[in-house]
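Structure at a glance
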Amino acid sequence: MSPRTPHRRPRGALALGLPLALATTGTLAYGFLGPGAQPEASAAAATTLTVAQDGSGQYRTVQAAVNAVPADNPSRVVISVKPGTYRETVKVPANKPHVTLQGTGASRKDTVIVYGNASGTRKPDGSGTYGTGGSATVAVEADDFQARDLTVANDFDEAAHQDIAQQAVALRTASDKVLLDGVIVTGDQDTLLLDTASKDRLGRVYLTNSYVVGNVDFIFGRATAVIDHSVITLKKRWNGTSAGYVTAPSTAANRKGILIANSTVNGDVSSRSFYLGRPWHAGGDATLDPQTTVRNTGLSDAIKTTPWTDMSGFSWKDDRFAEYRNTGAGAGTASTDRPQLTDAQAANQEVADWLGDWTPSAS
C-alpha cells in the first residue's frame, strides 16, 4: 500500500497529517492551528436514525431519514446507513445542520448512494432541465455536515446521451464546515461541486482519507476546500479518450480556493493528458480570483508538463495557480508555465490557513 493511499482509520478519528495517536474520538485536539483557533465544543450525545433497504431500520431511504431530522436541530443527528445501493437523490436543506451520513459496511464501497441526472436531463414535471447544481446525487446546503465510510456516485450515461449537457454532479456542498472522511465521490464531468451559499458567504470543506474520481473539472466551485491525504483518480472519457482537468476553482477575491495536499493524483489514462486546473469565472465574473494550490502530492505522468490552462477567455496567469514540492513523474520545476511557491509562500498555504478557526471534529 502506497504511503499516500487512503487507509482505514477507526471511526471518529482524523489525523489531518499528524500521527494517529494525536487523534481522539469526539472533539479532536491537534495544536496545529494558529493562535486563537480552538477545537469545537463537544456536542450533546448524537441522535441516530437507521436506514436499511430491507426494512430492518427505521427508514428505507436516506432522504426519508433526512426528512425526519427536525428543522433547526441543535445537535448532531447521525443517519446510519446499512450496506446496499440506494438509488435516489438526497438533499440536506439549510435548516437541518449537524447531520452525519454514516455508512456501516466493512468498506466504503458497501454503502452507495447513486443516481444519474445530468445538467441537461429534463425534470419529470416538465419545468426544464436540472442544470449543473441540480444534477447532484447528494446536495448539502446545511452547515456542519459530515459524511463517512460510504460512496456517492453519479452514473449518468454520457455515451447514450450525447445530445444533452454532460455535467453530472455526484456531491454538491453549499455550506460551511463540511467534513468528508473515508468516502468515495465518483462520476465523470463535474463530480464534486464545492460551493458556498452565496458569493459573499464562506464555505469550508475538509475531505480526507478519500477518493475523488472524474475527468473534466471534477473538483470545482467557489468553496474554501482542502483535499488532504486522499487519492484523485483520473478517468477516461466516455469514448475511451484521455483528456481532462482536475480542478476548476471559482474563488471569490480575498478568499482561499482549492488546496490539494499530501495526496496522490493518478489513473489509467494516457501520459500528459490531464491539466491540474483552469480558472472558472462563473457567469463571466471578472471580479473572481480562482485559486488552486497543489502541494506535497504525488503526480503521475498523466499530468501535463504545463499543468494549468485558460478557460472561457480568462487566462490562468491572471489568477492563483501554483505547486509546492510535488513528486512523481508528473511533477516539474519552476517556470513561467509552472509556478512554484517559495518556502515563505508555502508557509501561508497550509491546511490550517484554509480551515481558519475551524478544527474538523468527527462526531
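Residues numbered from 1 in each chain as written. Predicted model: local features only at pLDDT ≥ 70, side-chain atom pairs only at ≥ 80, totals over all residues. Heavy atoms only, no water.

Scanning the chain from N- to C-terminus turns up 4 helices and 25 strands. Across the 363 residues that make up the chain, the buried fraction comes to 53%. A separation threshold of at least 6 residues defines the contact pool for the chain, and within that pool the share at least 24 residues apart is 72%. Only carbon and sulfur atoms are counted for the fraction: they give 49% of the accessible area of the chain, which is about 14,300 Å². (Helix = DSSP H or I, 4+ residues; strand = E, 2+ residues; numbered from the N terminus. Buried < 20%, exposed > 50% of the residue type's maximum accessible area, 1.4 Å probe, protein only. Contact = heavy atoms within 4.5 Å. Areas by Shrake-Rupley, 256 points an atom, 1.4 Å probe, with all protein chains shown as cover.)

A word on the nonpolar core. If you look at the biggest cluster of nonpolar residues, it comprises 54 residues, and the most contacted ones within it are Val62, Ile79, Phe145, Leu180 and Leu234. With sequence-adjacent residues up to four places away left out, Leu234 is seen in contact with Gly214, Phe218, Val246, Val265, Asn266, Gly267, Asp268, Val269, Phe274, Ala302 and Ile303. (Core = buried A, V, L, I, M, F, W, Y, C linked by side-chain atoms within 4.5 Å.)

For Thr111, the location among the structural elements is in strand β6 (residues 111–115). Sequence-distant contacts of Thr111, defined by excluding residues within four places in its chain, comprise Val81, Lys82, Pro83, Gly84, Tyr86, Gly103, Thr104, Gly105, Asp149, Leu150 and Thr151.

Looking now at the environment of Ala168. Tracing the sequence through the fold places Ala168 in the loop between β9 (151–154) and β10 (171–174). The spacing of Ala168 and Ala153 is 15 residues in sequence and 9.6 Å in space, taken between C-alpha atoms. Not counting residues up to four positions away in its chain, the partners in contact with Ala168 are Asn117, Ala118, Ser135, Asn154, Phe156, Gln189, Asp190 and Thr191.

To continue, consider the pairing of strand β19 (residues 244–249). Counting buried residues in β19 gives 5 out of 6 residues, a clear majority hidden from the surface. Bridge analysis of strand β16 (residues 216–221) against β19 gives 4 bridges, and the strand direction is parallel. The partner of Gly221 across the bridge, within β19, is Pro249. As defined by bridge partners, β19 adjoins strand β22 (residues 274–277) across 3 bridges and the pair is classed as parallel. Residue pairing in the sheet places Thr247 in a bridge with Gly277 of β22. (Pairing = 2+ DSSP bridges.)

Another aspect to go through is the pattern of salt bridges. For the structure shown, the criterion picks out 15 salt bridges. The residue Lys235 makes a salt bridge to Asp188 at a minimum N-O spacing of 3.2 Å. Linking Lys235 in the loop between β18 (231–234) and β19 with Asp188 in the loop between β12 (184–186) and β13 (192–195), this pair joins segments that are 47 residues apart in sequence. With a relative accessible area of 31%, Lys235 lands in the partly exposed category. Here Asp188 falls in the buried class, since its relative accessible area comes to 14%. The salt bridge partner of Lys199 is Asp285, with a shortest N-O separation of 2.7 Å. Residue Lys199 is found in the loop between β13 and β14 (204–208), and its partner Asp285 is found in the loop between β22 and β23 (291–295); the two are separated by 86 residues along the sequence. (Salt bridge = Lys/Arg side-chain N within 4 Å of Asp/Glu carboxyl O.)

Turning to the sheet that holds β16, a few remarks are in order. Taken in spatial order, the 7 strands of this open sheet run β4-β7-β10-β13-β16-β19-β22, and their pairing is parallel. Two strands lie at the open edges of the sheet, namely β4 (90–92) and β22, each paired on one side alone. Sheet twist, expressed as the mean angle between neighbouring strand axes with direction ignored, is 10°. (Axes fitted to C-alpha atoms, helices over the stretch in contact; angles between N-to-C directions.)

Quick look at the confidence of the model for the chain now. Of all residues in the chain, 88% have pLDDT values of 70 or greater, and the mean over the chain is 90. In the predicted structure, residues 1–5 sits below a pLDDT of 50 and forms 12 contacts with residues beyond four places in sequence or in another chain. Every residue in residues 7–43 scores below 50 in pLDDT, and together they form 82 contacts with partners more than four places removed in sequence or on other chains. (pLDDT = per-residue confidence, 0-100.)

Moving on, we get to the packing of aromatic side chains. Centre distance and the angle of the planes are the two values used to describe a pair of aromatic rings. If you walk through the whole model with that rule in mind, you get 3 aromatic pairs. If you follow Arg278 out to its NZ or CZ, it ends over the ring of Tyr245, 3.7 Å from the centre. (Phe/Tyr/Trp six-rings, centres within 6.5 Å; stacked < 30°, edge-to-face > 60°. Lys NZ or Arg CZ within 6 Å of the ring centre and 35° of its normal.)

Attention shifts here to the pairing of β23. Extensive coverage of β23 is indicated by the burial of 5 of its 5 residues. Neither face of β23 is left uncovered, since the one carrying Gln291, Thr293 and Arg295 and the one carrying Thr292 and Val294 both have all their residues buried. Bridge analysis of strand β20 (residues 258–261) against β23 gives 4 bridges, and the strand direction is parallel. From the neighbouring strand, Ile258 faces β23, where its bridge partner is Thr292. As paired strands, β23 and strand β25 (residues 320–324) are joined by 5 bridges and run parallel to one another. What sits directly across from Thr293, in β25, is Ala322.

As summarised here, the arrangement of the 10 strands in space is β1-β2-β5-β8-β11-β14-β17-β20-β23-β25, forming an open sheet in which the pairing is parallel. Edge positions in the open sheet fall to β1 (47–51) and β25, since each of these has one partner strand only. For this sheet the average axis-to-axis angle between neighbouring strands, irrespective of direction, equals 10°. In this structure, strand β5 (residues 99–103) lies alongside strand β8 (residues 146–148), joined through 3 bridges in parallel fashion. Bridge pairing in β8 links Leu101 to Ala147.

Attention now moves to the environment of Trp308. Topologically, Trp308 is positioned in the loop between β24 (298–299) and β25. A residue is classified by how much of its surface remains accessible, and Trp308, at 3% relative accessible area, is buried. C-alpha separation for the pair Trp308 and Tyr245, spaced 63 residues apart in sequence, amounts to 8.8 Å. In this view, Trp308 contacts Thr247, Tyr275, Leu276, Gly277, Thr292, Val294, Trp316, Phe321, Ala322, Glu323, Asp337 and Pro339; residues no more than four positions away in its chain are not counted.

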